[in-house]
Amino acid sequence: MSVEVISIIVLFASFFTLLMLKVPVAYSIGISTTLSLLLNIDKLPGLTTIAQRMTTGIDSFALLAIPFFVLAGEIMKRGGIANRLINFAKSLVASLPGGLAYVNVLASMLFGAISGSAIAATSAIGSIMTDRMEDEGYPREFSASVNITSATTGLLIPPSNILIVYALASGGTASVAALFIAGYLPGILLGLAIMAYIAFVAITRKFSKGSRAPISLIWTYFRKAFFSLLLLVIVVGGIVAGVFTATEASAIAVLYAAVLALVYGDVSTKDFPDILLTSAKTTAVVMFLICTSMAMSWLFSFEGIPELISGFLLEQFSNKIVIFLVINIVLLIIGTFMDMTPAVLIFTPIFLPVVVALGMDPVHFGIVLVLNLCIGLCTPPVGTILFVGSGVANVSVTQVVKPLLPFLLIMVIVLLLITYIPAISMYLPGLFEL
């Protein structure tokens, strides 16, 4: 057995063993990469290679967008944006059977898109909507399931930090602007699919519905939510129009969110030190994950793993439909035990050459990859959003799992549609010539 094969075995075996021992993902990646690298020490300058790859991995102007978007999301989370979006959504759809569940989905889509964070959407919307829905007769575990799955739409609808990470991992073959605009239709489709299932449940269980809001009330709530919604237009519109880059847009988002929060009185200047500290902690975790993941990704390239896997898949399966299905299954499994950021950085270099060889656009694959991992966020044992959503709803994870299963099935169906119908992702980028 060659040293290269032993190195690959050590890499994967140590990584999964550390994960099973509940070692944090970033440390698991770093340790397994180091162990594998030790077997190739005669071919490399030394262990300083890991430090070099970690450093150069985050030496990217595009990655500056992440701390800015994290900060903007934290400012919005502290403010009253969630309440304004919920009231606006309620005025639109609360009169339908199961109306409050639609409000939950619509508000999560809007807040997730504005903040760029699924966790922020889960926490902010879930903490408000669960009690409101319980007062109207909705089971808390059903409300949590709605909140958990609908919050993932914010990772597809821009601005989205994970799409920026994918743009980096793709080596520049997919631009941030194209990814941002490509995420709209898949994100909206996912939200509508969740609403369709809610409609079925609402009719069969005879959930209550509210009174129809007059146009004047809808207009009032729209005016209150307008400046929050305007952020989406400014950020994405500016990027698509070429007025500024994604990184510059993230800085503008921070300034806009801060001014809006101060004007509305949602936060005061005394709140900003704590907001900055919380954002810095979140950014540090994300950047450390990116550091170690980039080192492992480089090691994959050094060992020729992407070429091996690409060759294996293309030799074993002659039908690209089957290959896409196999890749989706693998990514769904990966998403159940690995956080999105390292998963994107590690597996993009592995699978991107395969799908490109089969004619899939890198932008299209980025959306497919992110939606796969979004499903993983909603499933045990690592599902971050699952635990956050259960926590804010004050229900156990075991109580949520059963009502959550149909929603997960809906997400998988949408995933297959997006995988095999490229136009869902590629229509808007083609329209804007991105």
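Here the structure is shown first, and the text comes after it.
Residues numbered from 1 in each chain as written. Predicted model: local features only at pLDDT ≥ 70, side-chain atom pairs only at ≥ 80, totals over all residues. Heavy atoms only, no water.

**Student:** An account of the overall build of the protein is needed here, citing residue identities and associated values.
**Tutor:** Counting its secondary structure elements, the protein contains 21 helices and 0 strands. The C-alpha radius of gyration computed for the protein amounts to 22 Å, which stays within 12% of the reference 22 Å derived for 434 residues, consistent with globular compactness. Expressed along its principal axes, the backbone C-alpha trace of the protein runs to roughly 75 × 50 × 45 Å. When the 434 residues of the protein are sorted by exposure, 56% land in the buried category. Partitioning the contacts of the protein with sequence separation of at least 6, the portion at a separation of at least 24 is 80%. With the model as given, the accessible surface of the protein reaches about 17800 Å², and the carbon-plus-sulfur share is 70%. (Helix = DSSP H or I, 4+ residues; strand = E, 2+ residues; numbered from the N terminus. Rg over C-alpha atoms; globule rule 2.2 N^0.38 Å. Buried < 20%, exposed > 50% of the residue type's maximum accessible area, 1.4 Å probe, protein only. Contact = heavy atoms within 4.5 Å. Areas by Shrake-Rupley, 256 points an atom, 1.4 Å probe, with all protein chains shown as cover.)

**Student:** Give me the lowdown on the packing of helix α6 (residues 99–115) against helix α8 (residues 140–151), citing residues and values where you can.
**Tutor:** Where α6 meets α8, the axes come as close as 8 Å, and the angle between the chain directions of the two elements is 25°. Comparing the axis directions of α6 and α8 gives the class roughly parallel. The crossing of α6 and α8 is right-handed. Of the residues in α8, those in contact with Ala 101, Asn 104, Val 105 and Ser 108 of α6 are Phe 142, Ser 143, Val 146, Asn 147, Ser 150 and Ala 151. When the residues that make up the contact of α6 with α8 are grouped by side-chain class, the tally is 5 nonpolar, 5 polar and no charged. (Axes fitted to C-alpha atoms, helices over the stretch in contact; angles between N-to-C directions. Parallel < 35°, antiparallel > 145°, perpendicular 65-115°, else oblique. Left-handed = near helix turned anticlockwise from the far one by under 90°. Nonpolar A, V, L, I, M, F, W, Y, C, P; charged D, E, K, R; others polar.)

**Student:** A description of the environment of His 364 should follow, citing residues and the corresponding values.
**Tutor:** By secondary structure assignment, the location of His 364 is in helix α18 (residues 362–377). Remark: the alpha-carbon pair of His 364 and Pro 422, spanning 58 residues in sequence, is separated by 6.6 Å. Each residue touching His 364, except ones within four places of it in the same chain, is listed here: Ile 418, Thr 419, Pro 422, Ser 425 and Met 426. From its side chain, His 364 meets the backbone oxygen of Ile 418 in a polar contact 2.7 Å long. (Polar contact = N/O pair within 3.5 Å; in protein donor to acceptor, adjacent residues only side chain to side chain.)

**Student:** Account for unusual backbone geometry, naming residues and giving values.
**Tutor:** For the bond from Pro 158 to Pro 159, the omega torsion is 0°, close enough to zero to count as cis. Examined against the element boundaries, Pro 159 turns out to sit in the loop between α8 and α9 (161–169). Here Lys 22, not a glycine, exhibits a phi torsion of approximately 65°, which is positive. Structurally, Lys 22 can be placed in the loop between α1 (3–20) and α2 (25–38). By relative accessible area, which is 76% here, Lys 22 ends up exposed. For Asn 394, which is not a glycine, the phi torsion comes out positive at approximately 55°.

**Student:** How would you explain the environment of Leu 331 if you had to name every residue and give the values?
**Tutor:** For Leu 331, the position within the fold is in helix α16 (residues 320–337). A relative accessible area of 1% places Leu 331 in the buried class. Each C-alpha atom, one on Leu 331 and one on Val 370, is 9.5 Å from the other, the two residues being 39 residues apart in sequence. Not counting residues up to four positions away in its chain, the partners in contact with Leu 331 are Phe 347, Phe 351, Phe 365, Leu 369, Asn 372 and Leu 373.

**Student:** Describe α9, with residues and values.
**Tutor:** Within α9, 8 of the 9 residues are buried, which leaves it mostly tucked inside the rest of the structure. Those residues of α9 not exposed but buried are Asn 161, Ile 162, Leu 163, Ile 164, Val 165, Tyr 166, Ala 167 and Ala 169. Contact partners of the buried residues in α9: α4 (65–78), α10 (176–182), α14 (272–303), α17 (340–357) and α18. Downstream of α9 by a residue or two, Gly 171 has a phi angle that is positive, lying close to 70°.

**Student:** Give me the lowdown on the packing of helix α3 (residues 48–57) against α14, citing residues and values where you can.
**Tutor:** Viewed as axis vectors pointing N to C, α3 and α14 meet at an angle of 120°, and their least axial separation amounts to 8 Å. As far as their axial angle goes, α14 and α3 are oblique. In the crossing of α3 with α14, the sense of the turn from one axis to the other is right-handed. Across the interface between the two elements, Thr 49, Ile 50, Arg 53, Met 54 and Gly 57 from α3 touch Phe 288, Ile 290, Cys 291, Thr 292, Met 294, Ala 295 and Trp 298 from α14. Classifying every residue of the contact of α3 with α14 gives 8 nonpolar, 3 polar and 1 charged.

**Student:** Would you mind going over the packing of aromatic side chains in detail, with residue names and values included?
**Tutor:** For the structure shown, the criterion picks out 13 aromatic pairs. Taking the centre distance of 5.8 Å and the plane angle of 65° together, the rings of Phe 222 and Phe 226 count as edge-to-face. Remark: Phe 226 and Phe 222 occur in helix α12 (residues 215–240); sequence separation between them is 4 residues, near one turn of the helix. On the basis of relative accessibility, which here comes to 33%, the residue Phe 226 falls in the partly exposed class. Residues Phe 226 and Phe 227 carry aromatic rings whose centres are separated by 5.2 Å and whose planes lie at 75° to one another, so their mutual orientation is edge-to-face. Through a chain of ring-to-ring contacts, three or more aromatic side chains come together here, namely Phe 88, Trp 219, Phe 222, Phe 226 and Phe 227. The positively charged end of Arg 84 is found above the aromatic ring belonging to Tyr 264, 3.8 Å away from the centroid. (Phe/Tyr/Trp six-rings, centres within 6.5 Å; stacked < 30°, edge-to-face > 60°. Lys NZ or Arg CZ within 6 Å of the ring centre and 35° of its normal.)

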